[in-house]
Amino acid sequence: MAGEPRKLALVTGAARGLGRHLCLRLAAAGYDILINYLSSEAAAAKLAAGLGELGAAAWTQRADVSREDQVAALFAAADGTGRELALVINNVGIYNPIALREIDSGQWQRTIATNLNGAFHVCRQALGRLRAGGQIINIGVAGNQLNQAEGSATDYYISKAALLQLTRALAAEYAPDGVRLNMVSPGQLANSIGELGGAPGRVPLGRDGSFEDVWQAIDYLLGADYVTGANIEVAGGYRL
Ligand SMILES: NC(=O)c1ccc[n+]([C@@H]2O[C@H](COP(=O)([O-])OP(=O)(O)OC[C@H]3O[C@@H](n4cnc5c(N)ncnc54)[C@H](OP(=O)(O)O)[C@@H]3O)[C@@H](O)[C@H]2O)c1
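Given the structure is predicted, the values throughout are model-derived calculations rather than measurements. (Residues numbered from 1 in each chain as written. Predicted model: local features only at pLDDT ≥ 70, side-chain atom pairs only at ≥ 80, totals over all residues. Heavy atoms only, no water.)

(A) Just the pattern of salt bridges, in detail. Under the defined criterion, the tally for this structure stands at eight salt bridges. Arg 25 serves as the salt-bridge partner of Glu 212, at 2.9 Å between the closest nitrogen and oxygen. One end of the pair, Glu 212, is in helix H6 (residues 211–223); the other, Arg 25, is in helix H1 (residues 17–28), and 187 residues separate them in sequence. You can call Glu 212 partly exposed: its relative accessible area is 25%. According to the relative accessible area criterion, Arg 25 is partly exposed, its value standing at 32%. (Salt bridge = Lys/Arg side-chain N within 4 Å of Asp/Glu carboxyl O. Helix = DSSP H or I, 4+ residues; strand = E, 2+ residues; numbered from the N terminus. Buried < 20%, exposed > 50% of the residue type's maximum accessible area, 1.4 Å probe, protein only.)

(B) View of the layout of surface pockets. Of the pockets and cavities examined, the second largest pocket occupies roughly 230 Å³. Looking at the second largest pocket, it is lined by 16 residues, and the ones nearest its centre are Lys 7, Tyr 31, Ala 86, Gly 133 and Leu 222. Each residue belonging to the lining of the second largest pocket can be placed in one class, and the counts come to seven nonpolar, three polar and six charged. (1 Å grid on protein atoms, 1.4 Å probe; cavity = no way out; pocket = protein on both sides within 12 Å on 5 of 7 lines; lining within 4 Å. Points joined across faces, edges and corners; volume = space filled by probe spheres on them. Nonpolar A, V, L, I, M, F, W, Y, C, P; charged D, E, K, R; others polar.)

(C) Representation of the nonpolar core in the model. In this structure, Leu 26, Ile 33, Ile 35, Ile 89, Val 184 and Ile 218 are the most contacted members of the largest nonpolar core, which totals 35 residues. Within the residue set of this core, elements represented by two or more residues are strand S1 (8–11), H1, strand S2 (32–37), helix H2 (41–53), strand S4 (85–90), strand S5 (135–139) and H6. In terms of residue count, the dominant contributor to this core is H6 (seven residues). In this structure, Leu 74, Leu 130, Ile 136 and Leu 164 belong to the second largest nonpolar core, which totals 28 residues. (Core = buried A, V, L, I, M, F, W, Y, C linked by side-chain atoms within 4.5 Å.)

What follows is the structure in structure tokens.
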């Protein structure tokens, strides 16, 4: 993007974990960044300062993605940057593995409201703004069509499976506008709070994934003009 005006990338749940790593890589790739956070205000501010050192402009905006009004405010903040929105990454995902027989309706509602409805609110706002060449990348989970994870977290897997269908449906609907939607679905990532433990032994390629492995798939999608509605599993063959 050398010589061109920098475009805006909005990453949800970006103050820590995978979202933080993606912001660092996107800044180095030439994007200015709008960092969405929910509770990690200090981490978001620290990340924004770090992105500045990489030469990117960065803004932070608190928003609970499950709340449509707060997502509208998030995108108003995107408008306020004066940059053209070119990329949105729906990275927010909550995971609290409980067997379906033990789950209460509160957790069910929270998971669907955050992982699925949140992404829906974000997509709706984004699709009203993205121009031809713009794209949305939704973060799923490997094996999300199996709807099964070690006998638990079924709410999580259903939310991600539905998000994949939303990705495909919107990809078909917006392809004529030149706007692409894809999903990147990690397997078990090392150094994450959702760590299952002992996953490398179950991964055909013999190790947990890294945030950098996920970035490589996203980096590919950024320039993959003919790819839409795809789901790239970054899982070392896990759950094949
Ligand atoms: N880590 C893994 O092993 C793994 C594997 C497969 C897929 N994934 C997917 O990868 C994505 C990132 O995972 P991660 O491990 O990096 O997650 P994480 O460390 O648990 O971080 C989750 C992020 O989501 C934000 N968040 C939660 N609820 C929110 C809400 N209602 N509104 C706005 N932000 C909210 C949190 O913000 P605050 O900190 O500001 O509260 C946090 O930054 C998720 O979609 C997850 O499902 C992860």
